[in-house]
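Residues per chain, in single letters:
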Amino acid sequence: MKKRMLACLMTLVMTGMLAACGNSAGEEQPVQDNSSAGTTEETQAPAETGNAGGDTIVLKLGHIQSESDLWHLGAQKFADTVSELSGGEIKVDIYPNSTLGGDRDMAEGMMMGTVDIALIAGVLSNFDDSISILEIPYLFRSDEEFETIVYGEVGQEIADHVLSSSGIRILDWWERGPRLITSSRPINSVEDMKGLKIRIPEISAMEKVFSAWGAAATTMSWSEVYPGLQQGVIEAQENPIPFFYSGSIYEVNKYIARTNHKYEYVTIAMSDAVYSGLTEEQQNIIMQAAKAATEYENEETSRVTEENLKDMVDNYEVTVTEPDTSGFIAIADEVAPEYAESIGQLDLYNKIQEALGR
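Numbers given for residues are sequential positions, taken from 1 along each chain in its written order. It should be noted that, the model being predicted, local features are given only for residues of pLDDT at least 70 and side-chain atom pairs only at 80 or more, the latter also being counted only at that level, while totals for whole chains, interfaces and linings use all residues. Excluding hydrogens and water, the side-chain figures rest on all heavy atoms present in the structure.

Asks: Which residues make up the overall build of the chain, and what values go with them?
Replies: The secondary structure listing takes helices from DSSP runs of H or I that are at least 4 residues long and strands from runs of E that are at least 2 residues long, numbered from the N terminus. Helix and strand counts for the chain come out as 13 helices and nine strands. The contacts of the chain with a sequence gap of at least 6 include a subset with a gap of at least 24, amounting to 74%. To be clear on the numbers: accessible area is Shrake-Rupley with a 1.4 Å probe, and residue cover counts the displayed protein chains and nothing else. For the chain, the exposed surface amounts to about 15,800 Å²; the carbon and sulfur share of it is 48%. Residues count as neighbours in contact if any of their non-hydrogen atoms are within 4.5 Å of one another.

Asks: Give a description of the nonpolar core that names residues and reports values.
Replies: Counting 39 residues, the largest nonpolar core has Ile-131, Ile-133, Leu-134 and Phe-140 as its most contacted members. Looking at this core, the elements with two or more residues in it are helix H3 (103-112), strand S3 (117-120), helix H5 (143-150), helix H6 (153-166), strand S4 (168-183), strand S8 (255-271), helix H12 (326-342) and helix H13 (346-355). Residue contributions to this core peak at four residues, all from H6. Setting aside chain neighbours within four positions, we find Phe-140 in contact with Leu-134, Glu-145, Phe-146, Ile-149, Tyr-263, Ile-352, Leu-356 and Arg-358. Met-270, Ala-289, Ala-290 and Ala-293 belong to the second-largest nonpolar core, a separate cluster that totals 27 residues. Definition used in this section: a nonpolar core is a set of buried Ala, Val, Leu, Ile, Met, Phe, Trp, Tyr and Cys residues joined via side-chain atoms within 4.5 Å. Here's how the labels work: a residue is buried when its accessible area is under 20% of the maximum for its type, exposed when over 50%, partly exposed in between, all with a 1.4 Å probe on protein chains only.

Asks: Mind laying out the environment of Gln-353, listing which residues take part and the relevant values?
Replies: In this structure, Gln-353 sits in helix H13. Judged by its relative accessible area of 12%, Gln-353 is buried. Spatially, the C-alpha atoms of Gln-353 and Phe-140 are 9.5 Å apart, while their sequence positions differ by 213 residues. Contact partners of Gln-353, with chain neighbours within four places excluded, come to Leu-139 and Arg-358.

Asks: Could you give me a rundown of the packing of aromatic side chains, with the residues and numbers involved?
Replies: Any two rings among Phe, Tyr and Trp, with Trp reduced to its six-membered ring, count as a pair given centres within 6.5 Å; such a pair is stacked if its planes are under 30 degrees apart, edge-to-face if over 60, and tilted if neither. Scanning the model with the defined rule gives nine aromatic pairs in all. Ring centres 5.4 Å apart and planes at 75 degrees place the aromatic pair Trp-173 and Tyr-265 in the edge-to-face group. Highlighted residues: Trp-173 in strand S4 and Tyr-265 in strand S8, separated in sequence by 92 residues. For the pair formed by Trp-173 and Tyr-265, the shared burial category is buried.

Asks: Tell me about the side chain of Arg-176, and name the residues and values.
Replies: Along the chain, Arg-176 falls in strand S4. With relative accessibility at 10%, the residue Arg-176 sits in the buried group. Sequence-distant contacts of Arg-176, that is, excluding residues within four places in its chain, are made with Trp-71, Ala-121, Asn-239, Pro-240, Phe-243, Glu-264, Tyr-265, Val-266 and Thr-301.

Asks: Please set out the pairing of strand S2 (residues 90-95) residue by residue, giving values where relevant.
Replies: Counted residue by residue, S2 has five buried out of six residues, so it is predominantly covered. A clockwise course of the path from the first strand over the helix to the second, judged with the strands pointing away from the viewer, identifies a crossover as right-handed. Regarding topology, helix H2 (residues 70-85) serves as the crossover connection from strand S1 (residues 57-62) to the parallel S2, and that connection is right-handed.

Asks: Please set out the environment of Arg-258 residue by residue, giving values where relevant.
Replies: Mapped onto the secondary structure, Arg-258 falls in strand S8. By relative accessible area, Arg-258 is classed as partly exposed at 26%. In this structure the C-alpha to C-alpha distance between Arg-258 and Thr-321, which are 63 residues apart in sequence, comes to 6.3 Å. Not counting residues up to four positions away in its chain, the partners in contact with Arg-258 are Leu-180, Leu-309, Val-320, Thr-321, Glu-322, Pro-323 and Thr-325. Side-chain atoms alone can form a polar contact between residues adjacent in sequence; in general such a contact is a pair of N or O atoms within 3.5 Å, and within protein one must be able to donate a hydrogen while the other accepts it. A polar side-chain atom of Arg-258 sits 3.2 Å from a polar atom in the side chain of Glu-322.

Asks: Which residues make up helix H7 (residues 204-212), and what are the values?
Replies: Turning to H7, its buried residues number three or more, namely Ala-205, Met-206, Val-209 and Phe-210. The buried side chains of H7 occupy one side of the element, clustering within an arc of 120 degrees when seen end-on. Two residues or fewer after H7 comes Gly-214, characterised by a positive phi angle close to 95 degrees. This arc describes the spread of directions from the helix axis toward the C-beta atoms.

Asks: Tell me what's going on with the pattern of salt bridges, and back it up with residues and numbers.
Replies: The term salt bridge refers to a pairing of a side-chain nitrogen on Lys or Arg with a carboxyl oxygen on Asp or Glu at a separation within 4 Å. Here the structure, examined in full by the defined rule, presents 17 salt bridges. Here Asp-93 makes a salt bridge to Lys-91, at a shortest N to O gap of 2.3 Å. By relative accessible area, Asp-93 is classed as buried at 16%. Across the salt bridge formed by Glu-307 and Arg-303, the nearest N and O atoms sit 2.9 Å from each other. In this pair, Glu-307 and Arg-303 are both assigned in helix H11 (residues 280-315), four residues apart and thus about one turn of the helix distant. Exposure remark for Arg-303: the relative accessible area of 39% places this residue in the partly exposed category. Each member of the salt-bridge network shares a partner with another, and the members are Glu-135, Arg-176, Arg-179, Glu-238, Lys-262 and Glu-264.

Nothing here speaks to function; it is all geometry.
Spelled out as structure tokens, the structure:
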């Protein structure tokens, strides 16, 4: 915009024709500066709305993982598809390794319109209670149940709630696979959870259920988990296989329990302020690219999960147990409706139960 104003002033001086700088209905909006990948620009403007001058629209996509992670590969698929479908009119620059901030930073940035797109997981539950329901252990007991909900009517209802309350538009849901427990001793039933010093994320639904199982659950940053296990500060942690595999947790925890206590997701989400600034055609391109990236990501996650597990068993002397989950489920089912009611989401919880035939 500054360049356009300067050009207009120069034309005014040279020709004396004020009309040359008159505003038009298709006047371009500022193109975002992508010269600094390591910082979040507080003054970043939303994407151009009309692209009248033919300039490339540049969108920033941030995530917390490394360039080798599945999230980054999915983000690259999204960026490539956007470029292809738009004929290069829209460009997506990817910022891995929390260079646009952590999950909460990026979520807040999308709310303000200073972050365009981000891969955000459970932290969205801090901005909308409806999505907190998805954090309840054993709400889903298979990939099929998870997909029935998040890709169906209820998933859309939750996405609409998040959009209304926060201004964050969930473009699609990426599957991360089930969460398993790694530990320094085998876990074969819920009885083995009693007193277990386990790290869990700072998610209230999980805190309540793990406590009900008798675990000594604690929260800490992911960067502290490996040394915490190594030094005996904690005995266990839980995550999807690709996540703890990339963190080399198999070096300090030699047991993996297939609890499958939570089917995990990460959203590819976009600032609605930025999305609304695009034309309808450009919005359709964003949605098509999100779908293509989701299909790619889900297939890769399934493949890599099996490869990672086989590698840990074959090459790192890891033992996998198949615990009796009936005790886990019974206790989780007692806690779940109480938790849902405490956050004002009992109707949504019951709707999910009904959709799953329970």
